[in-house]
Protein chains: 2
Amino acid sequence: MKLYPKDRRALLEAAMGRRPCDLAVENVRFVNVFTGEIYPAVVYVLDGFVAYVEEGGRADPALAHQVVDGQGAYLTPGFVDPHIHIESTMLTPRAFAAAVVPHGTTTVVTDPHEIANVLGEQAVVYMHDAAEDLPMRQLVDIPSCVPAVPGLENSGAEFDAGTVHRLAKLPRVTGLAEVMDFLAVAQGEQRMLDMLDAAQQEGLYVQGHVPVSDKRLLSAYAIGGPTTCHETREGEDAVSKLRLGLRIDARESSIAKDVEKIYSQVRRLRYLDRVSLCTDDREAHDILENGHMDNALRKAVACGMDGVDALRCATLHPALESGLSNLGAVAPGYAADFLLLEDLKDFRVRAVYYGGRLVARDGVLTQEITPKTFALEQMDTMRVPPLKREDFDIAAPVEQGVVKVNVLHFAELEKSNTTRCVEEIPVRDGKLDLSQQPDLCYVKIVNRHGKGTVCSGVTRGFGLKEGAFASTVSHDSHNLCVVYRDADSAYEACRALVACRGGMCCAMPGQQTVTLPLPVAGLMSTLPCGELARQVGEMKQALRRAGMPQSNPLVRIVTMALPVIPEAKYTDLGLVDVYAKKVLPLFPEA
Amino acid sequence: MKLYPKDRRALLEAAMGRRPCDLAVENVRFVNVFTGEIYPAVVYVLDGFVAYVEEGGRADPALAHQVVDGQGAYLTPGFVDPHIHIESTMLTPRAFAAAVVPHGTTTVVTDPHEIANVLGEQAVVYMHDAAEDLPMRQLVDIPSCVPAVPGLENSGAEFDAGTVHRLAKLPRVTGLAEVMDFLAVAQGEQRMLDMLDAAQQEGLYVQGHVPVSDKRLLSAYAIGGPTTCHETREGEDAVSKLRLGLRIDARESSIAKDVEKIYSQVRRLRYLDRVSLCTDDREAHDILENGHMDNALRKAVACGMDGVDALRCATLHPALESGLSNLGAVAPGYAADFLLLEDLKDFRVRAVYYGGRLVARDGVLTQEITPKTFALEQMDTMRVPPLKREDFDIAAPVEQGVVKVNVLHFAELEKSNTTRCVEEIPVRDGKLDLSQQPDLCYVKIVNRHGKGTVCSGVTRGFGLKEGAFASTVSHDSHNLCVVYRDADSAYEACRALVACRGGMCCAMPGQQTVTLPLPVAGLMSTLPCGELARQVGEMKQALRRAGMPQSNPLVRIVTMALPVIPEAKYTDLGLVDVYAKKVLPLFPEA
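Residues numbered from 1 in each chain as written. Chains lettered and ligands numbered in written order. Predicted model: local features only at pLDDT ≥ 70, side-chain atom pairs only at ≥ 80, totals over all residues. Heavy atoms only, no water.

### Comments concerning the packing of aromatic side chains
Phase 1: All chains considered together, the criterion is met by 18 aromatic pairs over all chains.
Phase 2: Both rings, one in A:Phe30 and one in A:Tyr39, keep their centres 5.5 Å apart while their planes meet at 45°; by these two values the pair is tilted. A single burial state applies to A:Phe30 and to A:Tyr39, both of which are buried.
Phase 3: Geometrically, the ring pair formed by A:Tyr442 and A:Tyr484 is stacked, given 5.2 Å between the ring centres and 25° between the ring planes. Here A:Tyr484 lies in strand β24 (residues 480-484) and A:Tyr442 lies in strand β21 (residues 440-446), a separation of 42 residues in the sequence. The burial state of A:Tyr442 is the same as that of A:Tyr484; both residues are buried.
Phase 4: A connected cluster of aromatic rings, assembled from ring pairs, spans A:Phe392, A:Tyr442, A:Tyr484 and A:Tyr491.
Phase 5: When the ring centre of A:Tyr74 is taken as reference, the NZ or CZ atom of A:Arg29 above it lies at 4.4 Å.
Phase 6: Here B:Arg243 stacks its cationic end above the ring of A:Tyr39, 4.1 Å away from the centre of that ring. (Phe/Tyr/Trp six-rings, centres within 6.5 Å; stacked < 30°, edge-to-face > 60°. Buried < 20%, exposed > 50% of the residue type's maximum accessible area, 1.4 Å probe, protein only. Helix = DSSP H or I, 4+ residues; strand = E, 2+ residues; numbered from the N terminus. Lys NZ or Arg CZ within 6 Å of the ring centre and 35° of its normal.)

### Details of the relation of the copies chain B and chain A
Phase 1: Take chain B, turn it by 180°, move it 0.0 Å along the axis, and it overlays chain A with an RMSD of 0.1 Å. One copy is carried onto the other by what is essentially a two-fold rotation axis. (Least-squares fit on C-alpha atoms with pLDDT ≥ 70 in both.)

### A word on helix α10 (residues 259-266) of chain A
Residues and elements named next belong to chain A.
Phase 1: Looking at α10, one finds that the buried residues are Val259, Ile262, Tyr263 and Val266. Looking down the long axis of α10, one finds its buried residues gathered within 95° of arc, a one-sided arrangement.
Phase 2: Turning to α10, the residues buried within the fold contact α9 (235-243), β12 (247-251), β13 (275-278) and α12 (293-302). (Arc of directions from axis to C-beta. Contact = heavy atoms within 4.5 Å.)

### Re the interface of chain B and chain A
Accessible area lost during the coming together of the parts is what is often quoted as the interface size.
Phase 1: Between chain B and chain A, the residue contacts involve 63 residues of the former and 63 residues of the latter.
Phase 2: Counting the surface lost from both chain B and chain A, the interface buries some 5400 Å², and carbon and sulfur atoms represent 51% of this.
Phase 3: When the buried area of chain B at its contact with chain A is split by residue, B:Arg216, B:Ile223 and B:Arg243 rank highest and sum to 16% of it.
Phase 4: Along the contact surface separating chain B from chain A lie 16 salt bridges. (Buried area = accessible area lost by both parts, 1.4 Å probe. Salt bridge = Lys/Arg side-chain N within 4 Å of Asp/Glu carboxyl O.)

### Thoughts on the pairing of strand β28 (residues 574-577) of chain B
All names here are of chain B.
Phase 1: Here strand β27 (residues 568-571) pairs with β28 via four bridges, running antiparallel. Across the sheet, residue Thr571 finds its bridge partner in β28, namely Gly574.
Phase 2: The hairpin turn running from β27 into β28, its antiparallel successor, is two residues long.
Phase 3: For β28 and strand β29 (residues 582-584), the ladder comprises three bridges, and the chain directions are antiparallel. Note on β29: the bridge partner recorded for Val576 is Val583.
Phase 4: Following β28, the chain reverses through four residues before pairing antiparallel with β29; Lys581 in that reversal takes a positive phi of roughly 55°. (Pairing = 2+ DSSP bridges.)

In short, shape yes, function no, at least from these values alone.
In structure tokens:
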């Protein structure tokens, strides 16, 4: 993708010094990410693009309508995040922009994978259109895995090669988003090959996602077409992937902190030109308190990475890997997205220029983001059957006694990995009775895309001690998922979510129900970052009162129905054996 | 451009170790150009592509039909030359392949600019098709400047945006070739913008050529679209270009030796990932005696460049700059073009594998290149008017005495730069008479594309002391150019060239005429490299006998009619003032 100025000849004339520019920023320490040099320079901008970078300290006032004194700050490209799901912040694209722009992010490449699973192609169009007229650039990769695992879950849409061809027509689409189904790639499944071919035909790069160490599997995946990967849990895997020519996005998300372990291994390599930083998933409070790409940069430098190397990993490298030919650097013909930074260690952002306009200074937006409303934000996506209190009982194949049940077992407090084990569960009046088993919870996954499917289950080690925790954020199909100790609370929590068009809810007997409304597709709030972070904090407190001991209790439920995380998961179709790719009955002997 | 195997699934299966490969090369020191590491490895190849690179020393014989022992050699990617004019070697594409493959070149990106100026689009198709079934890959960039300077010369064709769209359909076309008319780019001339837009629409990269130091002009050029440059005469200019994000091809041609001066400046930069090596123009004897990209590599390392850095500049970097996504490295999914090298200093090539087949060993091709004939090679491109002895007299506006003449002046022995100066020349019987002026020569430029235009002139400092030197190699329009001390010799030389369909000829009174026939478009021989080199050597000897003192006397005539080299040049339209872009009369006062 290449960005063009409205009037190319005017930019050429400005470069030649034959017409004045809109802006000159002088008296800066210019960081050239191509050469690694830092030198005094003046950056001239016309119509949103860099026209000329003059070596030296002061601007020629005859050649710029406005001259800004950079006061000796480092002038660097704006930060480019090559992989983020905006939905994970629970902010709308516009609220997300307001939150990250003051931190120096001028471009993100988003994978609107979550909302696409709920609302299909129109959701990708929404995410694309909602990014109009922002003080930043939100580019869109077309979700590749909708649903994540076909046949094992009912999501709200199915994407194929035709989808890729249609969505590639949107002007700010640049790639095919993280191809998570690495087995389908390595095994050459036709539907996947067709999508990869469609991407190639449309000139899109293919973003990868391959959290494995097996070098043969990695090799087959690389042959298949993806060129990047942000799922590197062990540093040594980063080296394996770089050896294959894959580009590595070292992730610093709210959950996965990969930068340190990746850098500890790749630092010994001669070349780091295929390493980038990314954030993948960031919570609202994390952005507020710690920042966005600036936080990842601080982490990289704290690990020992050189400041200019790190800067390259957050600017030029992510632009290159995403096929963006005039972003990620400050040079003639490039978009005039740049920052004035205090230093190259803490990356404190004094000022953010986007398209040559000052959009933030000292952590505060300097121009309001025009509010816009979209029909999609008003849609009710809670397409569930009418719910009754009795729906939350789980019927057993016997009337009394005990029955063997396939139980989903969380072995570790923080990790999402689960196993399946068979346990004997008491039955009372034909229903499972967990009242004497404090470490077990009931589970219901209710399809919310009008399919009518519902799955019942039991889980051990989830953490909830009383009440119910319900969520419509439930990767990747985002069905209504509720984990509970009593059916009344479950009914109450689900009812509350239906009423507010989705979100998260914690209900406990005798206590005020706490709801986090996420009315946009059941995934995103319409609040700004600060207010949302407060609501999320209240939800976490409610869950702690309900007994959940995890550092972030929200993570538990949102990955419980994601049938790509080993070894077992629930979906609306039942208990899934992830490796065998099949659905198991709740009662193994029934 | 991405290359695909015939059977993608088979390659995936081979990567997974589920089917045997055609070939495994074991016991090598594998040079990973992505990471810069060197480690023992086995390279598995199926159907021309790398399936898997296994770390360790020995192959699994169950997984390869053939196992080759690399005997501890360095295994590296085949060399990629990102910019060469095959016509400059005077070899056909097939003879060129035979010459360079033993030197380790497995891919070249050619600009068939010379032959396109003679025969137009069909010539590009010829160069493309003549590269079929070779033991190397010859990719084609579409010539962008045919003719070099419209309006100042008559060449055999005119290319425009439509040409780009048509030729982009050829499967091995990858870019728009060196955009030499940098002023047209910087000034936004419509015809040039249209061609650049056409390239962008067709997904072609744009190769540059901008031999200037002015930073504003360089900036405007970079805004215009070209992303590379191989015309860097001063090392400091390389730094200026890299700062703009341009990719630099450090050239080691038979004439221009730029590697040392470029490296002397860029070595201080933190990043060299935008530096490549290229050869641009190489003579047959130079390839025979000194090699091709291996020669450029030796030069780079002799200048102090690290061997692995240099290797990257001759493999991965040129592939990236040319938009070749699976060439220039040895990794799963990449074309199996690799070398076994003695070392990373002299780059002695033990073996060359192209598409997984051994094609050369110890400097000798191991498989014959199938001869092919093409109708274009038989075409007579000498479309000149019938020539008579009298045509070589130059009529003066007076009958006797002296006359003022615009003379083209070569100030330096080796350089092609020229000035114009007015001199008083004797006239006898109405014709210019240089007989008493040993440092002057007559000049005729005869259009050979059927246009009928002829220009007469006088030159000082050319070097010829007696006889005539005629050539149909005469950049870029390749008209018939003859420089002479007497009209009889000129007539004889031109007659000989018409008879042999073009080439070079040296005729001297009372001596045997020496001819170098170049029957393919008047530019290329049909002989193999060794025989051609011998003929070229004989031509140089003949020119030395005729008095020419230059180290390479051929260079003088072939750049004499190139109206982009300052300050003055002859074309078939007359004496051109290069900066003013206008044609001047021979007699300034007539």
